[in-house]
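Remarks on the overall topology
Residues per chain are reported as follows:
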Amino acid sequence: MTATTEFHGKWALVTGASAGIGAALARELAAHGAKLILTARRKDRLEALAAELADKGAEVRIVVADLNDPAAPQQIYDATEGAGIPVDILINNAGLGQYGTFHTSQPEQEFSMVRVNCEAVVRLSRLFVPRMVERRRGWVLFLASTASFQPLPYLATYAATKVFDRFFALGLAAEVAQYGINVTALCPGTTESEFFEVARASIFRNRNLQSAPEVARLGLAALARGQRTIIPKPSGRFTALLVRFLPANLITHFVEKGARPKT
């Protein structure tokens, strides 16, 4: 059992750090004294966040990289561990979604979800986790979702990638616990972020949005204490429990009715 005070002085790599939960996680880590490496596609946003955190006393570096490119994880590794910076905290936050009927969706966006939400997560973990094993310490946080607990019509690929993230996190957690490494799957529900706009999924936005800072605070606290799954939103915990007792075809029937795009 550890506390977030253990993050003090450690290097933390946060992917997708330019907005939303990623930016909130970076701020929360900085508040606990972590040194930060922020990575995302948008250099201007990374620079703005880095300047904000540096003004508060944090040590911050940025790496501009697009995880849709299979070469990006190695690029990030070379700029960190490869340059002698030991990354003890890996935050696999970057991800994207797309709402709509699968047969009319933008194919490249569907493929990008698999590359960013799944392939890049495995590539980054495969690069950084072995170094953590060598040092016998580390923390890895995976951004899954409450979408990982049931199939979601019209977000079919997104939900499937989040199942991958959650199960990968749980399997890896069991493997590396013996080396002093904590792994947590953070499963937020609807959260204040730009996800809805980017994924064109405003139909899933509701009035009860959880704040990104609260998600970050609860997620990092769970990571510090070695909790393997954290659902930060009470309604998400209820849904995850409920779907254990309902057949998948019944769940998808009602979700399809409610989420069907308006024509």
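We now turn to the structure provided with this report. (Residues numbered from 1 in each chain as written. Predicted model: local features only at pLDDT ≥ 70, side-chain atom pairs only at ≥ 80, totals over all residues. Heavy atoms only, no water.)

Here's the deal with the sheet that holds strand 5 (residues 138–143)
On the basis of which strands lie adjacent, the open sheet formed by 7 strands has the order 3-2-1-4-5-6-7 and parallel pairing. Each having just a single partner strand, strand 3 (60–64) and strand 7 (229–230) make up the two edges of the open sheet. Judged from the 5 bridges that link them, strand 2 (residues 35–40) and strand 3 form a sheet pairing that is parallel. Looking at the pairing, L36 lines up with V60 of strand 3. Lying over the sheet, helix 2 (residues 43–55) contacts strand 2 and strand 3, oriented at roughly 175° with respect to strand 3. Together, strand 5, strand 6 (181–186) and strand 7 form the strand contacts of helix 5 (residues 156–176), whose direction differs from that of strand 6 by roughly 160°. (Pairing = 2+ DSSP bridges. Helix = DSSP H or I, 4+ residues; strand = E, 2+ residues; numbered from the N terminus. Contact = heavy atoms within 4.5 Å. Axes fitted to C-alpha atoms, helices over the stretch in contact; angles between N-to-C directions.)

Some words on the packing of aromatic side chains
Under the counting rule described, the total for this entry stands at 5 aromatic pairs. When the ring of F7 is compared with that of W139, the centres are 5.4 Å apart and the planes differ by 85°; the resulting orientation is edge-to-face. Highlighted residues: F7 in the segment before strand 1 (11–15) and W139 in strand 5, separated in sequence by 132 residues. When sorted by exposure, F7 lands in the same class as W139, which is buried. Ring centres of Y99 and Y154 lie 6.4 Å apart, and the angle between their planes is 65°; this geometry places the pair in the edge-to-face category. Remark: Y154 occurs in the loop between strand 5 and helix 5 and Y99 occurs in the loop between strand 4 (87–92) and helix 4 (107–135); sequence separation between them is 55 residues. Note on accessibility: Y99 and Y154 belong to one class, buried. A network of ring pairs unites the aromatic residues F142, F164 and F168 as a single cluster. Between the NZ or CZ atom of R166 and the centre of the ring of F149, over which it lies, the distance is 3.9 Å. (Phe/Tyr/Trp six-rings, centres within 6.5 Å; stacked < 30°, edge-to-face > 60°. Buried < 20%, exposed > 50% of the residue type's maximum accessible area, 1.4 Å probe, protein only. Lys NZ or Arg CZ within 6 Å of the ring centre and 35° of its normal.)

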